Amino acid sequence: MAIFKDNRFRQAKDTPLYQQIYAHLQAAILSGELKRGLKLPSSRALADELRISRNTVLNAYRQLIAEGYLESAGGSGTFVARVLPESLLTTPGRKAPANTRQTKPRKPRISEHAMLQMAAYKIDGAAEPSSSRLPRPFASGTPALDAFPYAIWSRLIARQARRMPDSAFAYQSTAGYRPLREAIAAHVTVSRRVHCTPEQIVIVPGAQGALDLAARILLNAGDAVWMEDPGYPGARGAFLGVNARIIPVPIDNDGLVVEAGMAKAPKARLVYLTPSHQFPLGVTMSLSRRLALLDWAKRANAYILEDDYDSEYRYAGRPLAALQGLDDAERVIYIGTFSKVLFPALRIGYLILPMPLVDVFLKVKSLIDVHNPMLEQAVLTDFMVEGHFVRHLRRMRTLYAERRKALIKAARGLPLEIDSPEAGIHCIGWLPKGMDDLALIRRAANYDLDLWPVSYFCIEPLARKGLLLGFAGYSVQKIKDGIHKLALAMSAM
Ligand SMILES: Cc1ncc(COP(=O)(O)O)c(C=O)c1O
């Protein structure tokens, strides 16, 4: 056979002969030297010609047949396949599939709601989170990753990994690991005065998973949703994902201005809010406003999404009870997350639903992500029931109170008005009149600071410009250094 005329295949001494023959035939087929449909010599004839054993040729032919390069037609011989596996793959000298061609990239055709979500996504040029780098001051939303009890956590992971029965590797309940739901129910009943049973709890991948699910289930395109303004972009993005109509509702010292929402969209389907510690301004919603909101929701047949993302952190007085505990008309859907009380990469949060909504949430969730991963749920359960969770919270309250104090003290020399209610894990630094927040942030980035402007969280422009200053995630020294750098950036403005 022509392709074997110079016996090149005998030169590669480390490669078995049958593999050399296989590779030569494959290359000749792919280059077109051996045409599709061509009949090959019989294994015996080729073996005689090459003076090798017939088995060697048979092995090469068998592999090429198995991979689809050759076809065996029983007694009538072996042929080059008419349809090659490479017609679906990229091969040298062939046209590459469309997604790898070096042509000008075409804009992908995406849905309107995906475009809306893209527009709401984030500030251009913001750094991507990285697993090799800790967040930098004063990025908000970061708990103390330098004080997490990694030794305990890894011990619990190892123990669970050893102990897990085979059944834990099968599909699990969409609602989440039952013992975890029991532990959460016990915790929120005491610490947040939420009224619930484990049956009302659905474990989700963080608050974001809860928001996405709620948006899909509760909203039609065009439905009005009240959003705190300024407010949490993660929620706005989820609502835009179902083409809902966002109604910005202002915040004052008593929290969401319920009357303003009622005036703007009395028939809204949903309200999203952070009543315990408004994000980002930090105010706590007053009792009278809470009651007014519940009363309106009952009359309007609207749902309230209560995002209780960081309410465990209060540095004076007792945490205020959740809005959910005041609801007697099954209007409130409570969202909890472990992102701030443990760490955000855990991706575990939970919904506490009015009983009539449980079935639909479970069915829709089962079509999205089936259920959360099992190992982390089991480890988190151990962490809670063995008392590590409450101990960690207690330690973090003390640590964050120190860090908050250090920030307030260090910022005294700056032309910033610090607004820091005794709660949460960030505060606001209001800028002097006329100072450009975005220019300051760009300048501060040169000093390795990661700052976010209040304006980013606004739907309608706010008269004042300010910065979010996260404090929980940074040591006192880092806070002092960060404020020094911020002072340098501000002095150049
Ligand atoms: C208002 C608010 N809700 C929820 C979250 C947490 O979201 P997740 O649980 O998806 O990490 C954050 C995080 O920054 C937040 O600011």
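Residues numbered from 1 in each chain as written. Predicted model: local features only at pLDDT ≥ 70, side-chain atom pairs only at ≥ 80, totals over all residues. Heavy atoms only, no water.

Caption draft 1: Layout of the site of the ligand. Every residue near the ligand is listed here: Gly206, Ala207, Gln208, Tyr232, Tyr272, Phe279, Asp307, Tyr309, Thr337, Ser339, Lys340 and Arg347. Here an oxygen atom of the ligand and a side-chain polar atom of Thr337 are 2.6 Å apart. The separation between an oxygen atom of the ligand and a polar side-chain atom of Arg347 is 2.8 Å. For the ligand, the accessible surface in isolation is 400 Å², of which the surrounding protein chains cover 91%. Comparing atom positions with the cavity grids shows the ligand to sit within the largest pocket. The biggest single contributor to the shell around the ligand is helix 7 (residues 206-218), with three residues. (Near = heavy atom within 4 Å. Polar contact = N/O pair within 3.5 Å; in protein donor to acceptor, adjacent residues only side chain to side chain. Areas by Shrake-Rupley, 256 points an atom, 1.4 Å probe, with all protein chains shown as cover. 1 Å grid on protein atoms, 1.4 Å probe; cavity = no way out; pocket = protein on both sides within 12 Å on 5 of 7 lines; lining within 4 Å. Sits in = over half its atoms within 2 Å of the grid points. Helix = DSSP H or I, 4+ residues; strand = E, 2+ residues; numbered from the N terminus.)

Caption draft 2: Geometry of the domain arrangement of the protein. Segmenting the protein into domains produces domain 1 (17-89), domain 2 (114-125 + 148-386) and domain 3 (390-491). Between the C-alpha centres of domain 2 and domain 3 there is a distance of 26 Å. Between domain 2 and domain 3, the contact holds 33 residues from the first and 27 residues from the second. Summing both partners gives a buried area of about 2600 Å² for domain 2 against domain 3, and 66% of it is carried by carbon and sulfur. Scanning the region where domain 2 abuts domain 3 turns up two salt bridges. Measuring nitrogen to oxygen at the nearest pair gives 3.9 Å for the salt bridge that ties Lys264 to Glu460. Where domain 2 meets domain 3, there are ten residue pairs in polar contact (both at pLDDT 80 or more). Mapped by element, the contributors of at least two residues to the side of domain 2 that touches domain 3 are strand 4 (224-229), helix 8 (233-240) and strand 5 (245-252). Of the residues assigned to the side of domain 2 that touches domain 3, the class counts are 20 nonpolar, four polar and nine charged. (Domains from an automatic or database assignment. Contact = heavy atoms within 4.5 Å. Buried area = accessible area lost by both parts, 1.4 Å probe. Salt bridge = Lys/Arg side-chain N within 4 Å of Asp/Glu carboxyl O. Nonpolar A, V, L, I, M, F, W, Y, C, P; charged D, E, K, R; others polar.)

Caption draft 3: Representation of the layout of surface pockets within the structure. Volume-wise, the largest pocket comes out at about 1800 Å³. Along the wall of the largest pocket there are 50 residues; nearest its centre are Pro129, Ser140, Gly141, Tyr232 and Lys340. Secondary-structure elements contributing two or more residues to the lining of the largest pocket are helix 4 (112-119), helix 5 (150-163), helix 7 and helix 8. The leading source of residues in the lining of the largest pocket is helix 8, at four residues. Residue composition of the lining of the largest pocket, by class: 29 nonpolar, twelve polar and nine charged. Structurally, the lining of the largest pocket is a two-domain feature, drawing no fewer than three residues from each of domain 2 (114-125 + 148-386) and domain 3 (390-491). (Points joined across faces, edges and corners; volume = space filled by probe spheres on them.)

Caption draft 4: Looking closely at the pairing of strand 5. Where strand 4 and strand 5 come together, six bridges link them in parallel fashion. Each residue of the ladder has a partner; that of Glu228, found in strand 5, is Val249. With helix 8 bridging strand 4 and its parallel neighbour strand 5, the resulting β-α-β unit is right-handed. Between strand 5 and strand 6 (residues 255-256), which pair antiparallel in sequence order, lie two residues. (Pairing = 2+ DSSP bridges. Right-handed = clockwise from strand over helix to strand, strands pointing away.)

Caption draft 5: Main features of the environment of Leu323. Mapped onto the elements, Leu323 comes out in the loop between strand 8 (303-307) and strand 9 (332-337). When the C-alpha atoms of Leu323 and Leu46 are compared, they prove to be 83 Å apart, with 277 residues separating the residues in sequence. Setting aside residues no more than four positions away along its own chain, Leu323 makes contact with Leu273, Pro275, Arg290, Leu293, Leu294, Ile304, Glu306 and Val332.

Caption draft 6: Just the side chain of Asp229, in detail. Residue placement: Asp229 occurs in strand 4. It turns out Asp229 is buried and unbridged, and the closest side chain with the opposite charge, Lys264, is 6.4 Å from it. The contacts of Asp229, once residues within four sequence positions are left out, are Pro248, Val249, Pro250, Ile251, Phe457, Cys458, Ile459 and Glu460. (Buried < 20%, exposed > 50% of the residue type's maximum accessible area, 1.4 Å probe, protein only. Lys, Arg positive; Asp, Glu negative; His and termini not counted.)

Caption draft 7: Region of interest: a nonpolar patch on the surface. Side chains of Ile110, Met115 and Met118 sit close together on the surface and give an oily, nonpolar patch of about 320 Å² of accessible area. Tracing the backbone shows Met115 in helix 4. (Patch = residues over 30% accessible without salt bridge, like charges linked within 9 Å, V, L, I, M, F, W, Y side chains within 5 Å.)

Caption draft 8: Just the sheet that holds strand 9, in detail. Sheet architecture is open: eight strands sit in the order 3-10-9-8-7-4-5-6, paired in mixed fashion. At either end of the open sheet lies a strand with only one pairing partner, and these are strand 3 (201-204) and strand 6. Packed onto the sheet, helix 11 (residues 355-366) meets strand 3, strand 8, strand 9 and strand 10 (349-352) and runs at close to 25° relative to strand 3. (Axes fitted to C-alpha atoms, helices over the stretch in contact; angles between N-to-C directions.)

Caption draft 9: Local environment of empty space enclosed by the protein. A full pass over the atoms with the stated rule returns one cavity of 30 Å³ or more. Taken as a whole, the largest cavity spans an internal volume of roughly 100 Å³. Around the largest cavity, the lining is made up of 16 residues, and of these Asp308, Glu312, Thr337, Val341 and Tyr350 lie nearest the centre. Of all the secondary-structure elements, those providing two or more residues to the lining of the largest cavity are helix 6 (178-191) and strand 9. Across the lining of the largest cavity, the residue classes tally to nine nonpolar, four polar and three charged.

Caption draft 10: Molecular detail of the nonpolar core. Among the nonpolar cores identified, the biggest contains 60 residues, and Phe338, Tyr400 and Leu486 are the most heavily contacted of them. Top contributing element to this core by residue count: helix 13 (residues 388-410), with six residues. In contact with Leu486, other than residues within four places in its own chain, are Leu414, Leu416, Leu440, Leu449, Leu451, Leu467 and Leu469. (Core = buried A, V, L, I, M, F, W, Y, C linked by side-chain atoms within 4.5 Å.)

Caption draft 11: Local environment of the packing of aromatic side chains. Inspection of every chain in the model, using the stated rule, returns 19 aromatic pairs. Between Phe148 and Phe343, the ring centres sit 5.1 Å apart and the planes meet at 70°, which makes this aromatic pair edge-to-face. In this pair, Phe148 sits in the loop between helix 4 and helix 5 while Phe343 sits in the loop between strand 9 and strand 10, placing the two residues 195 residues apart along the sequence. With a centroid separation of 5.8 Å and an interplanar angle of 65°, the aromatic rings of Phe338 and Phe389 are classed as edge-to-face. Here Phe389 lies in helix 13 and Phe338 lies in the loop between strand 9 and strand 10, a separation of 51 residues in the sequence. Taken together, the ring pairs connect Tyr232, Phe279, Tyr309, Trp452, Tyr456 and Phe457 into an aromatic cluster. (Phe/Tyr/Trp six-rings, centres within 6.5 Å; stacked < 30°, edge-to-face > 60°.)

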